[in-house]
Structure formats: C-alpha cells, structure tokens
Amino acid sequence: MKRITAILLNTLRTLSFTKVLKLLRLTVPHPLFSLLAFYATVKSFSLAQQHFPKTNSNSGIGNAYRHALWTCLIMMYCCKISSPEKSLDFCKRMTDLHEELFPNKPLEKKMDLHNNQVGMDLFMELLPGIHRQFFETNFFVEKLFVKTKTAKLLTSLEENFGSELVYLEN
C-alpha cells in the first residue's frame, strides 16, 4: 500500500501546472468522489498485481483487467453515495482525464479508453439486478478475470471489439 501511494504521489509530481489545474477542476467540486476514486485506483492496482504480476503495469492483459476493474470500482464506490448517472459521469470524466494527463501512444490510449468503457458498461449491465448499496468488489473481479480469457489483441486504431477486453503485444 505504501509503495502504491508513493508511486501515485511521484506521478502527480510530474504534472505541469496546467495539468494540475485540470485535475483540481474535476476533483475539488467532488471531494468524496475523488477520495473514492483514489481508493479505487489503489485497490485496482493491488488486485491486478495479485492476478497479473507480469502484465498489470505494461500493455498486456493485466493492464486491460486493471483498467476495467478500476472503472467498476469507481462506479461501485461512487454509487454508494450518489446516483448511478452522476457516478458514471464522474467516472468517465476521471478516467478520460487520466489519459489526457498521462498521455500514451495512440494505440495504448485507445486500449485504455476501451477497457475503461468495458468496466463502466459491465457495472451498468449488473446494476439493474443488484441494489447499488449491495455491490461488492468480488462481483467484478471474477467477471473481469473471465473476460481476460477472451481478450483480443488490438493492432490498429480502427478495430472495435465491443465488450471484449483488449491488450497490446508485449
């Protein structure tokens, strides 16, 4: 946990003043959502590292799993204190901003944004069947783990794999 927090703090130090302002514009009006998103970030890193120690921090299947889990967790935590619509809006803005603040190559960005959307869609798909106050992390961990078995290799910006996780060759 200390290691993850140190990584996140060191990463934040690399941001320019303009990027810090963009981050503050999103987080200051939503302090509870922001704290919950931070917790979701730490939790998703930890779980992805457990399940995918070799590919969670590169562009492999573990990274795809981590991004989708990250958005599921943000949605789950935020839905416990607000509506699914507000939670989805915040989650989308937070995860899109992450890609803007920490830019990747175009194919990596497409992969991350796609996997983020897979996570948000999975949460919204499960929402009608479970009261949002009763969601638990294990609802997503296993479903996303199963999705890693059918994850698709992303090779071009034009490809679209719908609800499948995507990854890049390492």
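Residues numbered from 1 in each chain as written. Predicted model: local features only at pLDDT ≥ 70, side-chain atom pairs only at ≥ 80, totals over all residues. Heavy atoms only, no water.

A.B. asks: Please provide a residue-by-residue account of the overall build of the protein, values included.
C.D. replies: A count of helical and extended segments in the protein gives seven helices and two strands. In terms of overall dimensions, the protein has C-alpha extents of about 40 × 40 × 35 Å along its principal axes. In the protein, which comprises 170 residues, the proportion classed as buried is 42%. Pairs at least 24 residues apart make up 69% of the contacts formed inside the protein by residues separated by at least 6 positions. Put simply, the protein shows about 9300 Å² of open surface, and 60% of that area lies on carbon and sulfur atoms. Within the protein, the 15 negative side-chain charges are centred at a point lying 8 Å from the centre of the 21 positive side-chain charges. (Helix = DSSP H or I, 4+ residues; strand = E, 2+ residues; numbered from the N terminus. Buried < 20%, exposed > 50% of the residue type's maximum accessible area, 1.4 Å probe, protein only. Contact = heavy atoms within 4.5 Å. Areas by Shrake-Rupley, 256 points an atom, 1.4 Å probe, with all protein chains shown as cover. Lys, Arg positive; Asp, Glu negative; His and termini not counted. Charge placed at Lys NZ, Arg CZ, Asp CG, Glu CD.)

A.B. asks: If you had to explain helix H3 (residues 31-51) to someone new, which residues and values would you point to?
C.D. replies: Relative to the 30 Å expected for 21 residues at 1.5 Å per residue, H3 spans 30 Å between its end C-alpha atoms, a close match to the ideal helical length. Residues Phe33, Ser34, Ala37, Ala40, Thr41, Val42, Ser44, Leu47 and Ala48 constitute the buried set of H3. (Expected span 1.5 Å × (residues − 1).)

A.B. asks: Go over the packing of aromatic side chains, please, and point to the residues and values.
C.D. replies: This structure, assessed with the given rule, holds eight aromatic pairs. Summarising the aromatic geometry, the rings of Phe33 and Phe90 are spaced 5.1 Å apart at their centres and angled 55° between planes, so their arrangement reads as tilted. With Phe33 in helix H3 and Phe90 in helix H5 (residues 84-101), the pair connects residues that are 57 residues apart, well separated along the chain. Of the residues examined, Phe33 reaches a relative accessible area of 9% and is grouped as buried. Here Phe90 falls in the buried class, since its relative accessible area comes to 1%. (Phe/Tyr/Trp six-rings, centres within 6.5 Å; stacked < 30°, edge-to-face > 60°.)

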